[in-house]
Amino acid sequence: MDNGTPRVAYFCMEFGLHEKLHIYAGGLGILAGDILKAAADAGRPMVGIGILWRQDYTEQFIDEYDRPYDSYHEYRYDSLEDTGVVVTVLIRDEEVRVKVWKCTAFGNAPLYLLDTYLPGTLSWNLTGQLYGWFEEERIAQEMILGIGGVRALQALGIDVDMYHFNDSHAVFAGVELIRQQMTKGVPFTDALRSVKQHIVFTTHTPVSDGNEVHTHRILQYMSSYDGLSSDQIVQLGGDPFSMTAAGLRLSRKANAVSQLHGHTARQMWKLVPGGSDILSITNGVHNGTWQDDSIRQAHASGGDLWAAHSALKRVMIDDIERRNGVRLDENVLTIGFARRATPYKRSDLIFSNREVVGDLLRNHRIQIVLSGKAHPNDMGGKATITNLVRIAKEYPGSVVFLQGYDMAIGKMLTRGCDVWLNNPVRPMEASGTSGMKAAMNGILNLSTLDGWWPEACQQGVNGWQFGGGYEGGDCNSVDVVSLYHVLASDVIPTYENQRDAWVGMMHASIDMAQWQFSAARMLQEYYEKMYV
Ligand SMILES: *Cc1c(COP(=O)(O)O)cnc(C)c1O
C-alpha cells in the first residue's frame, strides 16, 4: 500500500462486472463494477462488499402476447474463491450464517460477496433475488450487506480507513460500527461522531420511490436496531426511518452523481438536520470495459474512425439478426435506446407522433434499436415494454426490441448504433452512464439536458440536446416536438449528406468523454474530495 492512501471498502447492493456474473440490475451496479476496475487499474487499496445474488435480478423475456415475464435461474459460480469465512447476522431473532466469497476475475479490485445459500438453513434464500419483492426481504438483504459486510471485513482481517456507501442500502453498516464502539463503553453521540469520520455516502435517484423509508415497527420486527435503542435509531433516520437521511447523518461527506443532480439533491435533502454536505462528483465509466479498442486506436492515431465504426455497426446488425431474425440496414441512421423501463425515462417518447416517426421509419431515414427491463413488480414499466414490442412488429426491419437487456447488449449497442437517444424527464435522471459509453465510442448523444449531459453537450459539435432544459407539466409534448425538429434539421441531414462533419463530431465526442467521463477521473475525484 502506498502510504497515506486511504483504504476504502466500497459497499453496494449490486456490482456489474461482467454479464456472466449475474449480480446487478442496472446503472448503480455498473457504476460500482466500473469503480472497482478503475481502482485495480490505478493500484488503489480498495475492496468491494456486495452480495452473491444466486438468482440474479431478473432475466426478462417476452411471451407470445408481447408481455415481459420474469425468469429465475439458480447460478453456481466456479470462478469465485472461497475465503473460508462465515459471519452471522441476527435477523428476526435468527442467527443467519453468511458465507464470504472473493472475486478478482474481471480485472477488478477484490470484491467480497456475501452469501446465505448454506444447505440446511432457513434463510438460504435471502440472497436469492436482488431487490426482492417484499419489504422484510429487502431489509434482511440490507442488514446482510451492512452488518454482515462490516463483520466480514473484520473476519478477513482487512483494515478500512473509509467506508463508502454507494446508495443508502448499506446504512446498517454505520449502525454496526456505532454498536461496536458502544460495546467498548463509548456513548452513542461520541460513537456517531467518530464513526462518521470514516463514512462517505453517494446518493443516487431523485425519484421518491427510489428513496426507501421503513416504519420502526418493521425494523424492530426484523431486529434491525442491532442493539441500539429506538431513540438512537430515530436520531439517525427519523420516524419513519429514511435510509437516505440515515446515510447523510452517518457520513462525513456525501455526493450526488452529476452537477445538476447535486442541485436537485441539495434541494431534496436540505431539511435533514445533521446531514453531511452533498458535493457533486459526476459519474464516469470504465474505458477498458466500454470503449472498443479499434475506436480508441482510430481516434488516437488519426486512423479511419468511420471504418472502425462501420465494422462495429455490422457486428451489431449481425447479432441482432441472430437474436431477433431481423436484418437492419447498415446504411440507415441507427438510433439506440436501452434502459430500465421506468416512467421518467419515457422509453416510448419517440413514438409519440406516429405520423412523423412512421414516415421517417418507412422512408428508411432512421431505424431504431430498443432494449430494457422493468422491475418484476413494476406493471407500468412492463406495459411500456409491451408497447415497444408491438411497435417493433408494426415496423418490421426498422424497429427492433431486444429482450434480456444486460451488459452484453449494453456493450453491443453503445458500440454499434450511430446515435444514442436519451429522454428522461428533467431533472429525474441523476446521471445516465450509458450515454458516456456511447460517447466514448463516437456514438453521438441526442438527449434532453438531464443528468450528465448539460456538462458535456456542445450543440452540433459533440452531440445534440433537445427540449432546451424545459421542466414543466407539459414536458412530454415540448420535448417530443423538439426531438423531431433536431432529428429533421440536424441529425438526419448531417448523417446523410455530411459524412466528414459527422466523423468530426464523433472525434469531438470521444475527446469529450475519454477522460472527463471515465471511471478513472471519477475515482481520482473521490480520493481528492471525499476520502481525505
Ligand atoms: C450502462 C448500463 C446501465 C445504466 O445506463 P443508464 O444510462 O443510466 O440507463 C444500465 N444497464 C446496463 C446493462 C448498462 O450497461
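Residues numbered from 1 in each chain as written. Predicted model: local features only at pLDDT ≥ 70, side-chain atom pairs only at ≥ 80, totals over all residues. Heavy atoms only, no water.

Asks: What am I meant to see in the sheet that holds strand E18 (residues 444-447) here?
Replies: The strand order across the open sheet built from 6 strands is E16-E15-E14-E17-E18-E19, with neighbouring strands paired in parallel fashion. If you trace the sheet from one side to the other, it starts and ends with strand E16 (399-402) and strand E19 (463-465), each paired once. Recorded for the sheet is a direction-independent mean angle of 20° between the axes of neighbouring strands. As paired elements, strand E17 (residues 419-422) and E18 share 4 bridges and run parallel to each other. If you follow Asn422 over to E18, its bridge partner there is Ser447. Helix H17 (residues 475-497) rests against strand E14 (333-338), strand E15 (366-371), E17, E18 and E19 of the sheet, and its axis sits at about 165° to E19. (Pairing = 2+ DSSP bridges. Helix = DSSP H or I, 4+ residues; strand = E, 2+ residues; numbered from the N terminus. Axes fitted to C-alpha atoms, helices over the stretch in contact; angles between N-to-C directions. Contact = heavy atoms within 4.5 Å.)

Asks: Even after reading the chapter, I still don't get the side chain of Gln129, so can you show me in this structure?
Replies: Residue placement: Gln129 occurs in the loop between strand E7 (111-115) and helix H2 (135-156). Judged by relative accessible area, Gln129 falls into the buried class, the value being 16%. Discounting residues that sit within four places of it in the chain, Gln129 has contacts with Trp53, Gln55, Asp56, Tyr72 and Gln141. (Buried < 20%, exposed > 50% of the residue type's maximum accessible area, 1.4 Å probe, protein only.)

Asks: Looking at this structure, how should I read the packing of aromatic side chains?
Replies: Each aromatic ring pair is described using two quantities: the centre-to-centre distance and the angle formed by the ring planes. Per the counting criterion, the structure on display carries 15 aromatic pairs. Here the aromatic rings of Tyr117 and Trp124 are separated by 5.4 Å at their centres, their planes lie at 75°, and the arrangement is edge-to-face. Taking the relative accessible area as the measure of exposure, Trp124 reaches 37% and is therefore partly exposed. Grouping aromatic residues by their ring pairs yields a cluster made of Trp306, Trp464, Tyr495 and Trp502. Cation over ring: Lys437 sits above Trp290, and NZ or CZ is 3.9 Å from the ring centre. Between Arg499 and the ring centre of Tyr495, over which it is positioned, the NZ or CZ distance is 5.4 Å. (Phe/Tyr/Trp six-rings, centres within 6.5 Å; stacked < 30°, edge-to-face > 60°. Lys NZ or Arg CZ within 6 Å of the ring centre and 35° of its normal.)

Asks: Sorry, what's going on with helix H18 (residues 499-514) here?
Replies: Along an α-helix, residues three or four positions apart point the same way, because every turn accommodates 3.6 residues. With 16 residues, H18 extends 22 Å from end C-alpha to end C-alpha; this agrees with the ideal 22 Å at 1.5 Å per step. Looking at H18, one finds that the buried residues are Trp502, Val503, Met505, Met506, Ser509, Ile510, Met512 and Ala513. (Expected span 1.5 Å × (residues − 1).)

Asks: Got a minute to help me understand the pattern of salt bridges in this structure?
Replies: Opposite charge on two side chains permits pairing when their charged atoms draw close. In total, this model carries 32 salt bridges according to the counting rule given. Ionic contacts of the salt-bridge type, sharing partners, join the residues Arg151, Glu176, Arg179 and Asp226 into one network. (Salt bridge = Lys/Arg side-chain N within 4 Å of Asp/Glu carboxyl O.)

Asks: Is there a simple way to think about the site of the ligand in this case?
Replies: Around the ligand, a shell composed of 13 residues is seen, among which Arg339, Lys345, Tyr405, Ser434 and Lys437 lie nearest. In this structure, an oxygen atom belonging to the ligand sits 3.1 Å away from a side-chain N or O atom of Lys345. Between the ligand and Tyr405 there is a distance of 3.4 Å, counted from a nitrogen atom to a side-chain nitrogen or oxygen. Burial of the ligand by the protein amounts to 96% of the accessible area it has alone, namely 390 Å². Mapped by element, the contributors of at least two residues to the shell around the ligand are helix H1 (27-42) and helix H15 (434-440). Of the residues that constitute the shell around the ligand, the class distribution is 4 nonpolar, 5 polar and 4 charged. Inspection of the shell around the ligand shows a minimum of three residues originating in each of domain 1 (8-284 + 521-529) and domain 2 (287-516). (Near = heavy atom within 4 Å. Polar contact = N/O pair within 3.5 Å; in protein donor to acceptor, adjacent residues only side chain to side chain. Areas by Shrake-Rupley, 256 points an atom, 1.4 Å probe, with all protein chains shown as cover. Nonpolar A, V, L, I, M, F, W, Y, C, P; charged D, E, K, R; others polar. Domains from an automatic or database assignment.)

Asks: Any chance you could explain the environment of Ala152 here in plain terms?
Replies: Following the sequence through the fold, Ala152 ends up in helix H2. Counting along the chain gives 67 residues from Ala152 to Val85, while the straight-line C-alpha distance between them is 7.3 Å. Apart from the residues lying within four places of it in its own chain, the contact partners of Ala152 are Val87, Val100 and Leu114.

Asks: Help me understand helix H4 (residues 188-196), please; the structure alone is not making it clear to me.
Replies: Taken together, the buried positions of H4 are occupied by Phe188, Ala191, Leu192, Val195 and Lys196. Projected onto a plane normal to the axis of H4, the buried residues spread over an arc of 125° and lie on a single side. Structurally, H4 contributes buried residues whose contacts are with helix H3 (171-183), strand E9 (199-202), helix H6 (230-237) and helix H7 (243-250). (Arc of directions from axis to C-beta.)

Asks: Just checking my understanding: could you explain the environment of His204 for this structure?
Replies: Within the element layout of this structure, His204 appears in the loop between E9 and strand E10 (213-214). Through-space distance from the C-alpha of His204 to that of Ala265 is 8.5 Å; in sequence the pair is 61 residues apart. Excluding its chain neighbours within four sequence positions, the residues that come into contact with His204 are Leu28, Leu31, Asn166, Asp167, Val257, His261 and Ala430. A polar contact is formed between the side chain of His204 and the side chain of Asn166, at a distance of 2.8 Å.

Geometry only, nothing functional implied.
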